[in-house]
Amino acid sequence: MRPLARKSILPLTLVVLGAAAMVGYATEEAETHSGGGDRSSFGKSGEAGHDPGDQDPAATAPAGVGDAYTPRRNEQNARVGAIFEKDDSGEHFCTASVVQSPGRNMLITAAHCAFDSDAGAPVDDLVFAPDYRDGDEPAGLWKVKKVVVDDRWAKSNDEDLDVAFLVLAKKDGEQIQDVLGGNTLGIDRGFTNEVKITGYPTSSDTPISCQNRTTKHSSTQLRIRCKDFEGGTSGSPWLADYDPKSHTGTVIGVLGGHEGGGSEDDVSYAAYFDDDIAKLYRQAQEED
């Protein structure tokens, strides 16, 4: 596994419109506590060489605010997936999710998941496994054909710009948004929002989720308390305002930014989505 980026991200914000086509998953969620693992590369990106751990038994009561649980498969969670290099034979090390775009083929994640700072170039062999669970890939593997990061991230790893958009190649003639739908991108949504975070710890082959309210860490960074978000969860979407009728939510951040997402498993960060992120999103659309 090549080392990943070494610091920083910049602000995000913008709302993308569009209807979403869905896979017919169940709509409720079963909740369980989930364990941890680590990856030493950078922030909360995962560390290769650790076998996934087993999930705890299903909880008999809903998880509390800030507690981690295993989300049940449904159309909302199916848009979040694990990132691998080359194929799924190695360890997944980051998380990404589908966002709406005119080309209908775009993901959002942390820049440090997709840009190799030591090489000074994007990682060129990433694949995305949406709704990955215990080796099962209901929508298959999708190849990343283009990584879009802010030039300032590429040059200095500015933690306020730790955001990347990934343009996917078609799979069997289809775009990923036509298969799974996509969430909108939220720009300048403020520092206090109720969000759901879903990510893939490297120590597990099943995702974890958590709900809590974001707070302001700085003028350019969001902060949240959610247990067990360790290595592998970098890039996890912070989803607000999910509407079960339209099957759409709004991504207001991705786990990353300050300290690469945080040095503690129970506290995480995200760069604030401002005009810089909106500009990056528009730039990524040109690569569709």
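So, here's what we can say about the structure. (Residues numbered from 1 in each chain as written. Predicted model: local features only at pLDDT ≥ 70, side-chain atom pairs only at ≥ 80, totals over all residues. Heavy atoms only, no water.)

## Some details on the state of the cysteines
Then comes step 1: Using the criterion set out here, one finds two disulfides in the structure.
Then comes step 2: Bridging Cys 94 to Cys 113, the disulfide has an S-S length of 2.1 Å. Handedness here is read from the sign of the S-S torsion; for Cys 94 and Cys 113, about -80°, the answer is left-handed. Here Cys 94, found in strand β2 (residues 94–99), pairs with Cys 113, found in helix α1 (residues 111–114); they are 19 residues apart in sequence, far enough to count as distant. As far as the burial class goes, Cys 94 and Cys 113 line up, both buried. (Disulfide = S-S within 2.5 Å. Helix = DSSP H or I, 4+ residues; strand = E, 2+ residues; numbered from the N terminus. Buried < 20%, exposed > 50% of the residue type's maximum accessible area, 1.4 Å probe, protein only.)

## Focus on unusual backbone geometry
Then comes step 1: The residue Asn 157 is not glycine, and still its phi comes out positive at about 55°.
Then comes step 2: Turning to its location among the elements, Asn 157 is positioned in the loop between α2 (151–156) and β8 (164–168).
Then comes step 3: In the Ramachandran plot, Asp 188 falls in the positive-phi region, its phi being about 50° despite a non-glycine side chain.
Then comes step 4: Assignment of secondary structure puts Asp 188 in the loop between β9 (184–185) and β10 (194–199).
Then comes step 5: Among the residues examined, Asp 188 registers a relative accessible area of 44% and is labelled partly exposed.

## Comments concerning the packing of aromatic side chains
Then comes step 1: In total, this model carries three aromatic pairs according to the counting rule given.
Then comes step 2: Measuring from ring centre to ring centre gives 4.5 Å for Phe 191 and Tyr 272, while their planes differ by 20°; the resulting arrangement is stacked. With Phe 191 in the loop between β9 and β10 and Tyr 272 in the loop between β16 (267–271) and α4 (275–285), this residue pair connects regions lying 81 residues apart in the sequence.
Then comes step 3: Of the residues examined, Phe 191 reaches a relative accessible area of 18% and is grouped as buried.
Then comes step 4: Here the guanidinium or amino end of Lys 216 rests over the ring plane of Phe 191, the centre of that ring lying 4.9 Å away. (Phe/Tyr/Trp six-rings, centres within 6.5 Å; stacked < 30°, edge-to-face > 60°. Lys NZ or Arg CZ within 6 Å of the ring centre and 35° of its normal.)

## Structural notes on the sheet that holds strand β3 (residues 106–109)
Then comes step 1: The strand order around the closed barrel formed by six strands is β1-β2-β3-β8-β7-β6, and the pairing between neighbours is antiparallel. Each adjacent strand pair in this sheet contributes to an overall mean axis angle of 40°, direction not counted.
Then comes step 2: Pairing of strand β7 (residues 142–149) with β8, which is carried by five bridges, proceeds in the antiparallel orientation. Directly across from Val 149, in β8, lies its bridge partner Ala 164. (Pairing = 2+ DSSP bridges. Axes fitted to C-alpha atoms, helices over the stretch in contact; angles between N-to-C directions.)

## Some points on the pattern of salt bridges
Then comes step 1: Per the counting criterion, the structure on display carries nine salt bridges.
Then comes step 2: In this structure, the salt-bridge partner of Arg 104 is Asp 178, at a minimum N-O distance of 2.4 Å. Linking Arg 104 in the loop between β2 and β3 with Asp 178 in helix α3 (residues 176–180), this pair joins segments that are 74 residues apart in sequence.
Then comes step 3: The exposure class of Arg 104 is partly exposed, given its relative accessible area of 25%.
Then comes step 4: Taking relative accessible area as the criterion, Asp 178 reaches 35% and is therefore assigned partly exposed.
Then comes step 5: Connected via shared salt-bridge partners are Arg 73, Asp 131, Arg 133 and Asp 136. (Salt bridge = Lys/Arg side-chain N within 4 Å of Asp/Glu carboxyl O.)

## Notes on empty space enclosed by the protein
Summary: where empty space remains is shown by rolling a probe the size of a single water molecule over the atoms.
Then comes step 1: Applying the stated criterion to the full structure yields one cavity of 30 Å³ or more.
Then comes step 2: Each pocket or cavity is described by its volume, and for the largest cavity that value is around 70 Å³.
Then comes step 3: For the lining of the largest cavity, the secondary structure elements donating two or more residues are β10 and β14 (237–243). (1 Å grid on protein atoms, 1.4 Å probe; cavity = no way out; pocket = protein on both sides within 12 Å on 5 of 7 lines; lining within 4 Å. Points joined across faces, edges and corners; volume = space filled by probe spheres on them.)

## Looking at the nonpolar core
Then comes step 1: Counting residues in hydrophobic clusters, the biggest one holds 45 residues, and the most contacted among them are Ile 108, Phe 165 and Phe 273.
Then comes step 2: Not counting residues up to four positions away in its chain, the partners in contact with Ile 108 are Ala 96, Ser 97, Val 99, Val 163, Ala 164, Phe 165, Leu 185, Gly 235, Val 251, Val 254 and Phe 273.
Then comes step 3: Within the second largest apolar cluster, 16 residues are counted, among which are Cys 210, Cys 226, Ala 240 and Ile 252. (Core = buried A, V, L, I, M, F, W, Y, C linked by side-chain atoms within 4.5 Å. Contact = heavy atoms within 4.5 Å.)

## Some words on the environment of Lys 86
Then comes step 1: Its location among the elements puts Lys 86 in the loop between β1 (80–85) and β2.
Then comes step 2: When residues no more than four places from it in sequence are discounted, the contact partners of Lys 86 are Asp 125 and Val 127.

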